Amino acid sequence: MEFQAVILAAGHGSSMSTISTTTKPKHLLRVGGKPLLWYSVTALRRAGFTKAIVVVRDTVVKETERYFTDSEVVLDVVGVPEEDDTGTADSLRRIRDKIYTDLVVISGDVIAEVPLTDVFDVFRINDAFMSMLLVPKPGPSSTPGRRSKHNPMELLVGLEPGTNRLVYHSTEVGDFVNLPKSLLRGCPRFKLRRDLIDSHVYLFRKDVLDYLAHKDNHDISSIREELVTKLVENGASGFAKESAFRAATREYSAAETRGNNGCYGYVVNDGYCRRINNLRDYCHANRNITRLFGSLETESKYNRSQIVDSVVDSSTVVNEYVVIRGSCVGSKCSVESKSRVIDSVLMDGVVMGTGCVVQGCVVCDGVVLESGCELKECVVSENAVVQAGSKVSNEVVGEVMEI
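Keep in mind it's a predicted model, so treat the numbers as computed, not measured.

1. Regarding the environment of R194
Relative to the elements of secondary structure, R194 occurs in the loop between β11 (191-193) and β12 (196-204). Filtering out sequence-adjacent residues up to four positions away, R194 remains in contact with K137, E154, L155, L156, V173 and G174.

What follows is the structure in structure tokens.
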């Protein structure tokens, strides 16, 4: 086996806390009727993997296994304590004893309609120490809930022309950049770009885990913010000198054995690759999922004039004169007549009374929208009741909403 596959899904999902809970963690939230983790597993399956290690919170190990009982990719689900503040690099340390080859690491919240094998080829051809998938920064789109300035995960990378060797990587992006003289001497020509984002798809040599396991490096918690930056700064030869595991990494500092030119970025300009790490991207994915995965479209039992570019679970009841467009509707919902669901997500067990309008919203499990409600760009919390005739915009609606 050339690579082992690792999916990291043990984060608390704090940026999506209004819809993600300990009982419904982010990787099990549905996009297009499928758990978010399904898309990471599918990307690996398409790349030829039949096995993967998945790191999740220990409270949801059984539920995660249940979702993927019949998966074509056999999952080894590993739990980390719920109370631990586990970063992505911490998760890799926990599974070190399970890794015996170079590894592919993908976040459990990535939807990738791009060939991952292209990133693998960059790793192979350059005999790289690390390669990562970079994608263009997404354009603006609406976010439900209270208005706030969206702060994307800023990234500044330096790419060598012609090779895309990564010579600079920083997640601290300001108005000015201080570049070390050693970088300019070693690589006088490179392009600085801040129009790209980290897709959280990486390939690492196995020895990176040895480096993370060393006592001097236990403070490295994040792959994106710490590990990648350090690897790019040091290069493979610098990494080999710095590591306490010199015997294991000595070959990486010798050009005649494996390459010592370090880290590479693969930039995808076509296709869809997005990390679903906030409400904005969660909503965008649900609006566009049928375009990306046509097989997810709603089955023919529903009137096609009612349901357009949407996914509606087969257990949901859709009554007459209902319009559902660009939306995803979960299981055991009931949408009464003359209601409209536009560019929205209805989770499981949602009840919409007659004449309701929901646009650009996320409506969580068990919500009741009484007749005549009109909601625009809202998040409605689990089991909330919105009273008849309510008109609400850009709010997070709690347990009982009185107007």
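2. Looking at the pattern of salt bridges
As enumerated under the stated definition, the model contains 19 salt bridges in all. The shortest N-O distance in the salt bridge between R280 and D281 comes to 3.2 Å. Within the structure, one salt-bridge network assembled from shared partners comprises E2, D121 and R124.

3. Some words on the environment of L92
Relative to the elements of secondary structure, L92 occurs in helix α3 (residues 88-94). Among the residues examined, L92 registers a relative accessible area of 1% and is labelled buried. Along the backbone, L92 and L8 are 84 residues apart, and their C-alpha atoms lie at a distance of 8.3 Å. Contact partners of L92, with chain neighbours within four places excluded, come to V6, L8, L103, V105, L209, L212 and I223.

4. Points about the sheet that holds strand β13 (residues 263-267)
Here seven strands make up an open sheet; going across it, the order is β5-β4-β1-β6-β12-β8-β13 and the pairing mixed. Single-partner strands in this sheet number two, and they are β5 (74-80) and β13. Neighbouring strand axes in the sheet, compared pairwise and without regard to direction, differ in orientation by 25° on average. Examined bridge by bridge, strand β1 (residues 3-9) and strand β4 (residues 51-57) share four bridges and lie parallel to one another. Counted as the bridge partner of V6 is I53 from β4.

5. Description of the confidence of the model for the protein chain
Averaged over all residues, the pLDDT of the protein chain is 85; the fraction at 70 or higher stands at 85%. Contacts for the low-pLDDT stretch residues 236-260, under 50 throughout, to residues beyond four places or in other chains number 48 contacts. Predicted confidence for residues 399-403 stays below pLDDT 50, and this span has eleven contacts to residues more than four positions away or in other chains.

6. Quick word on the packing of aromatic side chains
Under the defined criterion, the tally for this structure stands at five aromatic pairs. An aromatic cluster is built from F3, F49, F120 and F123, whose rings are joined through pairwise contacts. Seen from the ring of W38, K34 lies directly overhead, with NZ or CZ sitting 5.2 Å from the centre. Above the face of the Y67 ring, R66 is positioned so that its terminal group lies 5.2 Å from the ring centre.

7. Description of the nonpolar core
Formed by 38 residues in total, the largest nonpolar core has its most connected members in I7, L44, F49, L75, L116, F120 and L133. Excluding its chain neighbours within four sequence positions, the residues that come into contact with I7 are L37, S40, V41, L44, A52, I53, V54, V55, I106, S107 and G108. Counting residues in hydrophobic clusters, the runner-up holds 36 residues, among them L8, I99, V105 and L196.

Rules and cut-offs
Residues numbered from 1 in each chain as written. Predicted model: local features only at pLDDT ≥ 70, side-chain atom pairs only at ≥ 80, totals over all residues. Heavy atoms only, no water. Helix = DSSP H or I, 4+ residues; strand = E, 2+ residues; numbered from the N terminus. Contact = heavy atoms within 4.5 Å. Salt bridge = Lys/Arg side-chain N within 4 Å of Asp/Glu carboxyl O. Buried < 20%, exposed > 50% of the residue type's maximum accessible area, 1.4 Å probe, protein only. Pairing = 2+ DSSP bridges. Axes fitted to C-alpha atoms, helices over the stretch in contact; angles between N-to-C directions. pLDDT = per-residue confidence, 0-100. Phe/Tyr/Trp six-rings, centres within 6.5 Å; stacked < 30°, edge-to-face > 60°. Lys NZ or Arg CZ within 6 Å of the ring centre and 35° of its normal. Core = buried A, V, L, I, M, F, W, Y, C linked by side-chain atoms within 4.5 Å.

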